[in-house]
Amino acid sequence: MAERTPLYPEHVAAGARLVGFGGWDMPVQYASAINEHHAVRRDWGIFDVSHMTVVDLAGPGARACLRHLLANDVDRLKGPGHGLYSCMLNPAGGVVDDLIAYWRGGNDWRLVVNAATRDKDLAWLLAAAAGRDLTITHRAGGVMIAVQGPRAREATAPLLPAGLASAALALPAFHSTVADGFFVARTGYTGEDGFEIISDADRGVDLWRRLVAAGATPCGLGARDTLRLEAALNLYGQDMDETTSPLVAGLGWTIALEPADRDFIGRAAVEQLRAAGPAEVFTGLVLEDRGVVRHGMRVLTSAGDGVVTSGGYAPTLERSIGLVRVPAGAAPDVQVEIRGSCKSARRVR
């Protein structure tokens, strides 16, 4: 039986169409994925992302563990509440998962990692922590709500506890604050501004109801995918996985090679590939002909074949777009094979 978030009854009552996702029953849409997409781009929407895995690390050995575990360097975080996007790599330089790490102050840290990789990630974390002075706690059973859109922050703040509202509005991007049982971060997965809010089940369900009553549009996985695609945000399992280096997944910027003496997992493989020069590049794509670009489709280029890692219809642009991995040196004009026909497309930034 699939797992269900504490908001599952709310989704059923709202008439959401549920699908299986990473072992969870999740709403793919409530009414119209297109309308939900536009709500986030033009106003504000909310997503139930309680399936995400929240893991807390605490103890004197936590910082050193994370500096070894992550390709990015948590020493870049300048103060409590600051967050950092990073990948966990295997020794071959492939991506075990991508995540956000938050420094909560002192020896306390929080990781938010993907849902479908929960068991693998927890095992990987425990292995990395072996012999170190820290504890690892999986925070299961709570609620995580993403509030996204141009009006998201100003509309959400009045619904937070009085002492938290002003602190939340003052957050810079990729910073977090905690009060009254809520963890609020100015992060998201849509290309829009907003918050991701973590709480216990009771507080989270109550907040969801008040957000809906205040006019927020509940949004499902369909809108979440088209929004992140328009923003060129990677999806684990499609745009990268354990066989893919961040250097060929558009994530080279998340690798901290300085200081040179930091020994993180996968460093040698990353440095070797970087020195040789990747044979592939990760880029955007816009389809010029009619059709819809989908994951796994073949991309024909002047330098050989590539592949669509993510693709679909972009409601904001009203055309089909994709993320692709193609041979280095490929010309801007390419073709995508759709149902046996070659359709014109071009690479874009």
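Note: the structure precedes this text.
Residues numbered from 1 in each chain as written. Predicted model: local features only at pLDDT ≥ 70, side-chain atom pairs only at ≥ 80, totals over all residues. Heavy atoms only, no water.

**Considering unusual backbone geometry**
In step 1: In this structure, the amide linkage connecting Glu258 to the following residue, Pro259, adopts the cis form with an omega of 0°.
In step 2: Not every positive phi belongs to a glycine, and Asp180 is a case in point at roughly 50°.
In step 3: Mapped onto the secondary structure, Asp180 falls in the loop between β10 (176-179) and β11 (182-185). (Helix = DSSP H or I, 4+ residues; strand = E, 2+ residues; numbered from the N terminus.)

**Considering the sheet that holds strand β8 (residues 135-138)**
In step 1: Taking strand neighbours across the sheet as the criterion, the 5 strands line up as β5-β6-β7-β4-β8 in an open arrangement whose pairing is antiparallel. Single-partner strands in this sheet number two, and they are β5 (83-89) and β8. Between one strand and the next, the sheet's axes are offset by a mean angle of 25°, whatever the strand orientation.
In step 2: Both strand β6 (residues 95-105) and strand β7 (residues 108-113) contribute to a ladder of 6 bridges, which runs antiparallel. Within β7, the residue paired with Leu99 across the bridge is Val113. (Pairing = 2+ DSSP bridges. Axes fitted to C-alpha atoms, helices over the stretch in contact; angles between N-to-C directions.)

**What about the pattern of salt bridges?**
In step 1: For the structure on display, the rule yields 27 salt bridges.
In step 2: The residue Arg41 makes a salt bridge to Glu230 at a minimum N-O spacing of 2.9 Å. A residue pair is termed long-range when its members are at least 10 positions apart, and Arg41 in helix α2 (residues 33-42) and Glu230 in helix α8 (residues 221-230) qualify at 189 residues.
In step 3: By relative accessible area, which is 17% here, Arg41 ends up buried.
In step 4: Close ionic contact of Arg203 with Asp200 constitutes a salt bridge, the shortest N to O distance being 2.5 Å.
In step 5: By relative accessible area, which is 37% here, Arg203 ends up partly exposed.
In step 6: Connected through salt bridges with shared partners, the residues Arg63, Arg67, Asp73, Asp75 and Arg262 form a single ionic network. (Salt bridge = Lys/Arg side-chain N within 4 Å of Asp/Glu carboxyl O. Buried < 20%, exposed > 50% of the residue type's maximum accessible area, 1.4 Å probe, protein only.)

**Some details on the sheet that holds strand β12 (residues 194-199)**
In step 1: Pairing is mixed in the open sheet, where 6 strands are placed in the order β10-β11-β12-β9-β3-β13. Strands at the two margins of the open sheet, each flanked by one partner only, are β10 and β13 (217-219). Within the sheet, the average angular offset between the axes of one strand and its neighbour, ignoring direction, is 25°.
In step 2: Alignment of strand β3 (residues 45-48) against strand β9 (residues 143-148), held across 4 bridges, turns out to be antiparallel.

**Let's talk about the packing of aromatic side chains**
In step 1: Evaluated as defined, the whole model comprises 4 aromatic pairs.
In step 2: Between Tyr30 and Trp208, the aromatic rings sit 6.5 Å apart at their centres with planes inclined by 35°, giving tilted as the arrangement. Of the two residues, Tyr30 sits in the loop between β2 (24-29) and α2 while Trp208 sits in helix α7 (residues 201-213), which places them 178 residues apart along the sequence. The same class applies to Tyr30 and to Trp208, which are both buried. (Phe/Tyr/Trp six-rings, centres within 6.5 Å; stacked < 30°, edge-to-face > 60°.)

**Side note on the nonpolar core**
In step 1: Ranked by size, the top nonpolar core spans 29 residues in total, and within it Phe47, Leu89 and Met240 carry the most contacts.
In step 2: Elements that contribute at least two residues to this core include exactly β5, β6, β9, β11 and α8.
In step 3: Setting aside residues no more than four positions away along its own chain, Leu89 makes contact with Leu69, Ala71, Gly94, Val95, Val96, Trp124, Pro246, Phe264, Ile265, Gly266 and Val270. (Core = buried A, V, L, I, M, F, W, Y, C linked by side-chain atoms within 4.5 Å. Contact = heavy atoms within 4.5 Å.)

**Comments concerning helix α9 (residues 267-276)**
In step 1: Those residues of α9 not exposed but buried are Arg267, Ala269 and Val270. Along the axis of α9, the buried positions cluster into a sector of 165°, meaning they face one direction only. Those residues of α9 that are exposed and angled more than 90 degrees off the buried face are Ala268, Gln272, Ala275 and Ala276.
In step 2: Count one or two residues on from α9 and you reach Gly277, which has phi positive near 90°. (Arc of directions from axis to C-beta.)

**Some words on the side chain of Thr309**
In step 1: Looking at where Thr309 falls in the secondary structure, it is placed in strand β16 (residues 304-314).
In step 2: By relative accessible area, Thr309 is classed as buried at 2%.
In step 3: At 2.6 Å, the side chain of Thr309 forms a polar contact with the side chain of Asp239. (Polar contact = N/O pair within 3.5 Å; in protein donor to acceptor, adjacent residues only side chain to side chain.)

**Quick word on the side chain of Asn72**
In step 1: As for its placement among the helices and strands, Asn72 is situated in the loop between α3 (62-69) and β5.
In step 2: Since its relative accessible area comes to 2%, Asn72 is described here as buried.
In step 3: Here Arg76 takes part through its side chain, which lies 3.0 Å from a polar atom of the side chain of Asn72.

**Let's talk about the pairing of strand β4 (residues 53-58)**
In step 1: For β4, a buried count of 5 out of 6 residues is recorded, marking the element as mostly surrounded by other parts of the structure.
In step 2: Inspection of the sheet shows β4 paired to β8 by 4 bridges, in the antiparallel sense. Pairing of Asp56 across the sheet is with Thr137, part of β8.

**Re the pairing of β9**
A regular strand carries its side chains on alternate faces of the sheet.
In step 1: Of all the 6 residues making up β9, 6 are buried; the element is thus mostly covered by neighbouring parts of the structure.
In step 2: One ladder, built from 6 bridges, connects β9 with β12; its direction is antiparallel. Within the sheet, the bridge partner assigned to Gln148 lies in β12 and is Gly194.

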